[in-house]
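# Fold and contact review
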Amino acid sequence: MRCAAPTAGIGPYDRFVVSARLKPRLRAAALAAACFLGILVVWAVLVVSHTGQLMEQTALTGSRIGARFASGYARTLLHVVSIPAVIAMAVIVFLLALWRGSRRRALWAAGTIAATNASAQLLKHTLLWRPDFGLSQRWDAANTLPSGHTAVAASTAVALVLVVGARWRSLTAWVGALLAAAMGYSTLVCQWHRPGDVMAALLLAVGWGAVAVACGAWANDEPAPGGRTGPDDGGGRGARRADGAPAAGPGVAVMILGVLGVLAGVISAALEVITWRGLQVDPSRVDAFVAYAAGSGGTVAVAFTGLALLAALSRASEVAPPRRRGRHVRS
């Protein structure tokens, strides 16, 4: 798959169209870069450093408190997600996109799932490492960042956001964020993964989704001459009403999702500071619970904010083009 670059025009109307096409793609590229950089930051802070590993281990100890209430549901969800499940989900997403009449979205959605899960395994087993400070519960002290199970759920959520029309992106982003957060929390509460592993997997999926948008996965949403969008926009964002104004988009729902993600991030950051200030090798029950709550909040924050930012990339197509004065002659 190649990144599709818009064709430059001549007149002011054409320049507006090209600008409206480029802006969301540039935002998508910036989001992808931020996500991939965020993975390295999470790894450097929480895995490479002794303090970070101790904070993560404290959160893992505190997760046993939540396991008393949620481990049964969490284990069921974890066992549902497997390699056959990934293949089945990819096929469903691919067929859904084809049914909607968009081979472009089908290919980018399937490619996002494949890229996320392949890169998760590559990062975990080859590129990233975990210094052995004697804090790991694994016998081999191997690196576990990013979480493979969370990558599966998050990549599926992102793929669905890529596949659906603009009208349904906010709802799909909500469903996907809840699914990804639930999977990430399940790996934590069952002591399969630490919070940093989960957040890295979420960032990886959103990053690859942003790459797909930057390379034209939503090209048919972009304005075309005459104020129309492509054939598979589903009548959603970018479509025009009878009076020529842009159709209303589901921006409020996406904004609420993002605000909740930011709020969860602020609370999580505050709890992380409390954990850091009271850090010790043998934490008290209260300290362990605070670290566990911080990790859970961080999972929600990254899932909600990431999916909200990805879905919000399509809002640029709501911009109405300037009125033409007279006939515009193309050369």
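Scope of this entry: the structure provided in the associated data block. Computed from a predicted structure; not experimentally measured. (Residues numbered from 1 in each chain as written. Predicted model: local features only at pLDDT ≥ 70, side-chain atom pairs only at ≥ 80, totals over all residues. Heavy atoms only, no water.)

To continue, consider the overall build of the chain. When its secondary structure is counted, the chain shows 9 helices and 0 strands. Written out in order from the N terminus, the α and β elements of the chain read α-α-α-α-α-α-α-α-α. Within the chain, the fraction of its 331 residues that count as buried is 52%. For the chain, restricting intrachain contacts to residue pairs at least 6 apart in sequence, the fraction spanning at least 24 positions comes to 82%. (Helix = DSSP H or I, 4+ residues; strand = E, 2+ residues; numbered from the N terminus. Buried < 20%, exposed > 50% of the residue type's maximum accessible area, 1.4 Å probe, protein only. Contact = heavy atoms within 4.5 Å.)

Together, Val252, Ile256, Leu260, Leu263 and Ile267 give the surface a local cluster of nonpolar side chains, amounting to about 450 Å² of exposed area. Position of Ile267 relative to the elements: it lies in helix H8 (residues 251-277). (Patch = residues over 30% accessible without salt bridge, like charges linked within 9 Å, V, L, I, M, F, W, Y side chains within 5 Å. Areas by Shrake-Rupley, 256 points an atom, 1.4 Å probe, with all protein chains shown as cover. Salt bridge = Lys/Arg side-chain N within 4 Å of Asp/Glu carboxyl O.)

The next thing to look at is the packing of helix H2 (residues 50-80) against helix H6 (residues 169-189). Interhelical geometry of H2 versus H6 gives an angle of 125° and a closest axis separation of 6 Å. Taken as axis vectors, H2 and H6 run oblique relative to one another. Seen along the crossing, H2 lies across H6 with a hand that is left-handed. Where H2 approaches H6, its residues Ala59, Leu60, Ser63, Gly66, Ala67, Ala70, Ala74, Leu77 and Leu78 are matched on the opposing element by Ala182, Met183, Tyr185, Ser186, Thr187, Leu188 and Val189. Considered class by class, the residues forming the contact of H2 with H6 number 12 nonpolar, 4 polar and no charged. (Axes fitted to C-alpha atoms, helices over the stretch in contact; angles between N-to-C directions. Parallel < 35°, antiparallel > 145°, perpendicular 65-115°, else oblique. Left-handed = near helix turned anticlockwise from the far one by under 90°. Nonpolar A, V, L, I, M, F, W, Y, C, P; charged D, E, K, R; others polar.)

For the rest of this paragraph, the subject is the pattern of salt bridges. Evaluated as defined, the whole model comprises 1 salt bridge. Asp197 is paired through a salt bridge with Arg194; the nearest N and O atoms lie 4.0 Å apart. Given a relative accessible area of 1%, Asp197 falls into the buried group.

On to the side chain of Ser63. Among the secondary structure elements, Ser63 is positioned in helix H2. Within the local environment of Ser63, its side chain forms a polar contact with the side chain of Gln191, the two groups lying 3.0 Å apart. Once you skip the residues sitting within four places of it in the chain, Ser63 turns out to touch Leu188, Val189, Gln191 and Tyr292. (Polar contact = N/O pair within 3.5 Å; in protein donor to acceptor, adjacent residues only side chain to side chain.)

With that settled, the discussion passes to the environment of Thr172. Take Thr172: it is sitting in helix H6. With 11 residues separating them in the primary sequence, Thr172 and Val161 have C-alpha atoms 5.7 Å apart. If near-sequence neighbours (up to four positions away) are discounted, Thr172 is found in contact with Leu160, Val161 and Val164. Within the local environment of Thr172, its side chain forms a polar contact with the backbone oxygen of Trp168, the two atoms lying 2.8 Å apart.

With that out of the way, let us pick up the packing of H8 against helix H9 (residues 285-312). As a packed pair, H8 and H9 sit with axes 7 Å apart at the nearest point and diverge in direction by 150°. By the angle class used here, H8 and H9 are roughly antiparallel. In the crossing of H8 with H9, the sense of the turn from one axis to the other is left-handed. Considering only residue class, the contact of H8 with H9 consists of 18 nonpolar, 8 polar and 1 charged.

Turning our attention to unusual backbone geometry. For the bond running from Leu145 to Pro146, omega is 0°, close enough to zero to count as cis. Here Gln191, not a glycine, exhibits a phi torsion of approximately 60°, which is positive. Looking at where Gln191 falls in the secondary structure, it is placed in the loop between H6 and helix H7 (195-214). Judged by its relative accessible area of 25%, Gln191 falls in the partly exposed class.

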